[in-house]
Structures are given as C-alpha cells and as structure tokens.
Amino acid sequence: VSTQSTGGLDQAMITAVVLGDAGVGKTLLCASFISRTCPPKVPNVLPEITIPAGGNPAGVSMTGGDTDSAEASATERALKSADAVIAVFALDDQRSLDSLVSKWLPMASGREIPIVVVANKRDRPANPSSVDWERCDWQVTEQLMAKHMWVSTVIETSCGQPGAIPSNVENAFFLASRAVVYPITPLTGGSHPLQLTPKAREAFCWVFYEYAERDTKIEDVTAVRHLISDRALEEMQVACFGSAMSISEREELKSMLLERTPHNGEALLLQGPARGEYRITLAAVSYTHLT
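Residues numbered from 1 in each chain as written. Predicted model: local features only at pLDDT ≥ 70, side-chain atom pairs only at ≥ 80, totals over all residues. Heavy atoms only, no water.

Asks: Can you break down the packing of helix 7 (residues 198-212) against helix 9 (residues 230-241) residue by residue, with the values?
Replies: For the pair helix 7 and helix 9, interaxial distance at closest approach is 8 Å and the crossing angle is 130°. With respect to each other, helix 7 and helix 9 are oriented oblique. Remark: the crossing between helix 7 and helix 9 carries right-handed chirality. For the pair helix 7 and helix 9, contact is made by V207, F208 and Y211 and by A232, E235, M236, A239 and C240, respectively. A per-class count over the contact of helix 7 with helix 9 returns seven nonpolar, no polar and one charged. (Axes fitted to C-alpha atoms, helices over the stretch in contact; angles between N-to-C directions. Helix = DSSP H or I, 4+ residues; strand = E, 2+ residues; numbered from the N terminus. Parallel < 35°, antiparallel > 145°, perpendicular 65-115°, else oblique. Left-handed = near helix turned anticlockwise from the far one by under 90°. Contact = heavy atoms within 4.5 Å. Nonpolar A, V, L, I, M, F, W, Y, C, P; charged D, E, K, R; others polar.)

Written out as structure tokens, the structure is:
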C-alpha cells in the first residue's frame, strides 16, 4: 500500500489489478465502476483509473489497473506494483474459468496479495459453453478458496445493457480494497483459508458468547451455549458492523447455512426451541466471515 501526501497528511492508496482472459469483461467492469452505469462502448484496454477515498466504501483511495491478456510482460509489471488482484472469468464461458484456475490464479497467488474472484456476465443467457453456476457456485467457491489461500472471496457481477446500473461491480472493487485494509489471511495462518488459527477462533468465541449469553439474561430458558438467538445475533451484527440485518437477509443466510451444514464436521445451523426455528451456531459465525 503506497501513500500520497494530501495537505500535509499521508493517505493510503491501494492498487488493484484486473486479470483474466480476453472477452471476460475486464475493461467493462473498470468502466462501469467509474461511471456507475454500463457504457455502450469501451476501448480494448482502459487507462489506469483512480477512485478517491470518498468514492470507496472502504475509505481509501484506489487505483484500478486494466490489463491486456495478450500482453504478458505488461501484466507482470502491473502485478509487481499491485496490492490486490481482481481475477475475472465469464459465466457464459467455461474455458475462462478453466483458464482462471490454471493460469491467472497461480500467477496472482505468487504475489501473496488478496485476490477477489469475479464471476462476470451473470445476466447472460445460458449456452452450451456456460458454467453451470446454479448447480456448483458454492462448490467452485470452496474449491478455489481451499486451493488458493490468497482468494478472499468470490462474487458475481454483471454489466447488463448500456445505460443500465451494473450489478455488484462496485462491491468487487470495494472487497478488493477491504481485503488489503482488513486482511483475513492472518486469521487463518495461511494453512487453510476456511479454518481459523487458535487465537482467531478464541476471539470469535469471545464475541459470540458475549452476545449468546444475553439469551439467558432475557430469560430465554432454552438458550444453548453453542447457539445464538435471532435477537442476540442482531445485537452482535449492529455492534460489530454498525448495520442491522433485515429479516429477509437473515432467512437467506439461514437457508444457505442449512445447505452447507455440516462444514468441517461442525453444524452451522441447529434446531431451536420452537418448531421450525433454526439458530445459528458458533461455527456458522466463523464460516460466514471467512467466505
């Protein structure tokens, strides 16, 4: 992370490089991030873009470097100065995912910097060459994160029709800068990206139990040490992240956890005291903040 002087103050500047095969939409992603709309036409390669701290939810200035997949030497030079990588593949082209796994991720991982994997063109209709994302999205995600410790997250994006509002593009760049400012790898020790180090797990346990035990204080006689009620979960969410989780978001999270349980031999969701009620476990809290 470099610094630039602004009025006598040093301000962090993060550099993210966008990698991937030709045609996956790298340049369109960069252009859409700048304009917040899907442009009708973009050049083959976009010049370096700069986003001020005020335009980045992570609160830091950021430069985004587009790359030409045919210019290997230029790509390698860009990687040398990068703080994070946005590695892109297209959901309508299975070959681009294969190339991501065999070429781009090994290249980026060698720099030992955070990598955000972008599954682009979510809006494109399926064709015989498409990735079967509906069936294997979480399987692919877990495989990528298990094999490449520097992959911090996998996110779907789309730019849609010209003039439309891009979907998740801003989040892709935000997650890249957040992974630099708040790195996850030290929490896992690099041995396995979905398993916490003992000290990190101890910290997660402390926060979890601090709020889970409030269930007993409000006379929730059915409270279990390894479960947390929705009420206590909401308090923890607001205290730790400064924002509330909507009911629909919470139910969507529980549905996802129910599909993934067990994970590493631990249940992510267990039956609560009321019929049909499921409560989130300590393992789920750790899991959701690492994926």
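Asks: An account of the nonpolar core is needed here, citing residue identities and associated values.
Replies: I86, V88, V118 and F173 are the most contacted members of the largest nonpolar core, which totals 28 residues. Taken together, the elements giving at least two residues each to this core come down to strand 2 (9-20), helix 1 (26-35), strand 3 (49-51), strand 5 (84-90), strand 6 (115-120) and helix 5 (169-181). Per-element accounting of this core gives the leading share, six residues, to helix 5. When neighbours within four sequence positions are excluded, I86 is seen to be in contact with A16, V17, V18, L19, V116, V118, A172, F173 and A176. By size, the runner-up hydrophobic cluster in this structure holds 26 residues, among which are F89, L100, W133 and V140. (Core = buried A, V, L, I, M, F, W, Y, C linked by side-chain atoms within 4.5 Å. Buried < 20%, exposed > 50% of the residue type's maximum accessible area, 1.4 Å probe, protein only.)

Asks: How would you explain the confidence of the model for the protein chain if you had to name every residue and give the values?
Replies: Mean pLDDT over the protein chain works out to 80, with 85% of the residues at or above the 70 mark. Here residues 2-10 is a poorly scored stretch, pLDDT under 50, and it has 13 contacts once near neighbours within four places are set aside; other chains count. (pLDDT = per-residue confidence, 0-100.)

Asks: How would you sum up the pairing of strand 10 (residues 278-281)? Please name residues and give values.
Replies: The pairing of strand 8 (residues 227-228) with strand 10 spans two bridges and is classified as antiparallel. Considered in strand 10, the bridge of L227 is made with T281. Where strand 9 (residues 269-271) meets strand 10, three bridges bridge the pair, whose relative direction is antiparallel. If you follow L269 over to strand 10, its bridge partner there is I280. (Pairing = 2+ DSSP bridges.)

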